[in-house]
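# Understanding the architecture of this molecule
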Amino acid sequence: MAQRLQVIGNYLSPYVRKVLVCLELKGLDYAIDPITPFYGDEAFARLSPLRRVPVLLDGELVLNDSSVICQYLEDKYPQPALYPADIAQRAQARWLEEYADTRLADLLIWRLFYQLAIRRHIFREGTDEAVVRKAREVQIPAALDYLEGVLPAAGYLFGAPSIADISLASYFRTASFVRYAVDAARWPRTAAFVERVLALEPFRKLARYEDAMLRLPPPAQRDALAAIGAPLTAWTHGTATPRRGVPRG
Ligand SMILES: N[C@@H](CCC(=O)N[C@@H](CS)C(=O)NCC(=O)O)C(=O)O
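Residues numbered from 1 in each chain as written. Predicted model: local features only at pLDDT ≥ 70, side-chain atom pairs only at ≥ 80, totals over all residues. Heavy atoms only, no water.

Across its full length, the protein carries nine helices and four strands. Seen in sequence order, the protein has helices and strands lined up from the N terminus as β-α-β-α-β-β-α-α-α-α-α-α-α. Taken over C-alpha atoms, the radius of gyration comes to 18 Å for the protein, in line with the 18 Å a tight globule of 249 residues would show. Reported as C-alpha extents along the three principal axes, the dimensions of the protein are approximately 50 × 45 × 35 Å. In the protein, which comprises 249 residues, the proportion classed as buried is 52%. Contacts in the protein between residues far apart in sequence, at least 24 positions, make up 72% of those at least 6 positions apart. Of the roughly 11,500 Å² of accessible surface on the protein, 55% is carried by carbon and sulfur atoms. Positive and negative charge centroids in the protein, built from 31 and 28 side chains respectively, lie 4 Å apart. (Helix = DSSP H or I, 4+ residues; strand = E, 2+ residues; numbered from the N terminus. Rg over C-alpha atoms; globule rule 2.2 N^0.38 Å. Buried < 20%, exposed > 50% of the residue type's maximum accessible area, 1.4 Å probe, protein only. Contact = heavy atoms within 4.5 Å. Areas by Shrake-Rupley, 256 points an atom, 1.4 Å probe, with all protein chains shown as cover. Lys, Arg positive; Asp, Glu negative; His and termini not counted. Charge placed at Lys NZ, Arg CZ, Asp CG, Glu CD.)

Quick look at the structure:
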């Protein structure tokens, strides 16, 4: 019998959520070690050289990076397809996944969520208000102007839900944890699209776990998740104290 897939990564992470939604849509069985990457031990550092989540373990195989993992899942478990069949559409879907993982991540995660949640609650540092203000007033609006011209008025980008819809919506879900919501009066398509995608069953299922741990310090999250039946691994690479990640710049 095939070994159960294992994911290392926190439910609050947009990159982890991408992978979990793909697993859920494909109906795959998995267990999760829901650590915050800043609380990963030395074994985690060996599995994830950049000390980032998600990591997928499939038997002896270790995979890093959400896009690599989602593509692997698609190659190994092609049905239901999460990448469009048409080659041009598949390329467009990958572009939007990349746009989400880079630009939306930079704006919604590093300039909002990191500043307002991680710096405050993990590293006990102040928020750089200028970074947050510029993101909210200038940079995120520019990204939303772009998305408003790309997203469909109804349904999903390429017919059935695809990696593009999953990736884009996932960043807005994490941004909502620091009370960011798309202004529906200014960007109606984007606001409705995000709402529609987040209403898909896998996002709703995961939201229950996210909500249960959102306000808890990382070392307390695992027990809270166990109490509501999250599919946890028997082991964890979590530690009790945070340390900084591998520098990005
Ligand atoms: N390109 C990677 C990025 C993963 C990533 O940055 N994950 C964040 C969690 S949201 C992380 O692990 N951050 C820890 C750090 O930057 O040190 C992917 O797609 O998986």
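Additional details are given in the paragraphs that follow.
Every second residue of strand 2 (residues 30-33) is oriented toward a common face, with Tyr30 and Ile32 on one face and Ala31 and Asp33 on the other, all of them buried. Direction of pairing for strand 1 (residues 5-8) relative to strand 2: parallel, over a ladder of four bridges. Along strand 2, the bridge assignment pairs glutamine 6 with alanine 31. Note on the crossover from strand 1 through helix 1 (residues 14-25) to strand 2: the handedness is right-handed. (Pairing = 2+ DSSP bridges. Right-handed = clockwise from strand over helix to strand, strands pointing away.)

Moving on to the domain arrangement of the protein. Assigned domains within the protein: domain 1 (5-81 + 212-227) and domain 2 (87-201). Summarising the inter-unit geometry, the C-alpha centres of domain 1 and domain 2 are found 20 Å apart. Listed by partner, the interface residues are 20 residues for domain 1 and 20 residues for domain 2. Buried area between domain 1 and domain 2, both sides added, is near 1,600 Å², and the carbon and sulfur share of it is 64%. It is Tyr15, Lys18 and Phe38 that lose the most area in domain 1 upon contact with domain 2, and together they represent 32% of the buried surface on that side. Between glutamate 97 and lysine 18 there is a salt bridge, with the nearest N and O atoms lying 2.8 Å from each other. Inspection of the domain 1/domain 2 interface yields 10 residue pairs in polar contact (both at pLDDT 80 or more). Elements with a minimum of two residues in the side of domain 1 that touches domain 2: helix 1 and helix 3 (66-76). Here the residues of the side of domain 1 that touches domain 2 are counted per class, giving 12 nonpolar, five polar and three charged. (Domains from an automatic or database assignment. Buried area = accessible area lost by both parts, 1.4 Å probe. Salt bridge = Lys/Arg side-chain N within 4 Å of Asp/Glu carboxyl O. Polar contact = N/O pair within 3.5 Å; in protein donor to acceptor, adjacent residues only side chain to side chain. Nonpolar A, V, L, I, M, F, W, Y, C, P; charged D, E, K, R; others polar.)

Before going further, it helps to examine the side chain of glutamate 148. Summarising the element assignment, glutamate 148 is placed in helix 5 (residues 129-150). One buried charged side chain, glutamate 148, makes no salt bridge at all; its nearest oppositely charged neighbour is arginine 189, positioned 5.2 Å away. A polar atom in the side chain of glutamate 148 sits 2.6 Å from the side chain of threonine 190.

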